[in-house]
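Residue-level structure breakdown
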Amino acid sequence: MLSKNEIVIKLKEFGFKDESIDGVITDVVQIILGKSLGNYFLELPESEQIKLREFSAEQLIEHIENNKDNLPKFSNQEFVKIYDETWRNYFATISK
């Protein structure tokens, strides 16, 4: 998993200024979280997916907290894979 320091160094290599780096990292992390949540939802039955799509972010967090024992697990390994792939894709995109 890429560390924040490695990401900052790479962003600087692409010409990003210090004042914009935190914003870029925040944006990419939001994409990572969205992808992770999407992969997590794919493991749920379709009826559950439909129900959860209608929830607000707060309702979704509450639902997961209240039902975590009955929901599928999302491993750290799965998250790391999505995290690294997303950063690789981001760097590939900005290098063009």
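Everything that follows concerns the structure shown earlier in this document.
Reading the values: the criteria
- Residues numbered from 1 in each chain as written.
- Predicted model: local features only at pLDDT ≥ 70, side-chain atom pairs only at ≥ 80, totals over all residues.
- Heavy atoms only, no water.
- Axes fitted to C-alpha atoms, helices over the stretch in contact; angles between N-to-C directions.
- Helix = DSSP H or I, 4+ residues; strand = E, 2+ residues; numbered from the N terminus.
- Parallel < 35°, antiparallel > 145°, perpendicular 65-115°, else oblique.
- Left-handed = near helix turned anticlockwise from the far one by under 90°.
- Contact = heavy atoms within 4.5 Å.
- Nonpolar A, V, L, I, M, F, W, Y, C, P; charged D, E, K, R; others polar.
- Buried < 20%, exposed > 50% of the residue type's maximum accessible area, 1.4 Å probe, protein only.
- Lys, Arg positive; Asp, Glu negative; His and termini not counted.
- Salt bridge = Lys/Arg side-chain N within 4 Å of Asp/Glu carboxyl O.
- Polar contact = N/O pair within 3.5 Å; in protein donor to acceptor, adjacent residues only side chain to side chain.
- Phe/Tyr/Trp six-rings, centres within 6.5 Å; stacked < 30°, edge-to-face > 60°.

1. Notes on the packing of helix α1 (residues 4-13) against helix α2 (residues 18-42)
α2 packs onto α1 with a crossing angle of 125 degrees between their chain directions and a minimal axis gap of 10 Å. Judged by the inter-axis angle, α1 sits oblique to α2. The chirality of how α1 crosses α2 is right-handed. Here α1 contributes K4, I7, V8, L11 and K12 to the contact with α2, which in turn contributes D18, I21, D22, V24 and I25. Each residue belonging to the contact of α1 with α2 can be placed in one class, and the counts come to six nonpolar, no polar and four charged.

2. Description of the side chain of D84
Position of D84 relative to the elements: it lies in helix α5 (residues 76-94). No salt bridge is formed by the buried D84. Its closest oppositely charged neighbour is R88, at 4.9 Å. Among the polar contacts listed, one links the side chain of D84 to the backbone nitrogen of L2, at a separation of 3.2 Å.

3. Quick word on the packing of aromatic side chains
Summed over all chains, the structure comprises six aromatic pairs. On the basis of an interplanar angle of 45 degrees and a centroid distance of 6.0 Å, the ring pair of Y40 and F41 is categorised as tilted. When its relative accessible area of 14% is taken as the criterion, F41 is described as buried. The interplanar angle of 40 degrees and the centroid separation of 6.0 Å between the aromatic rings of F79 and Y83 together place this pair among those described as tilted. Taken together, the positions of F79 and Y83, both in helix α5 and four residues apart, correspond to about one turn of that helix. The exposure class of F79 is partly exposed, given its relative accessible area of 22%. What makes Y83 buried here is its relative accessible area of 10%.

Note that every value here comes from positions in space, so none of it alone points to a role or purpose.
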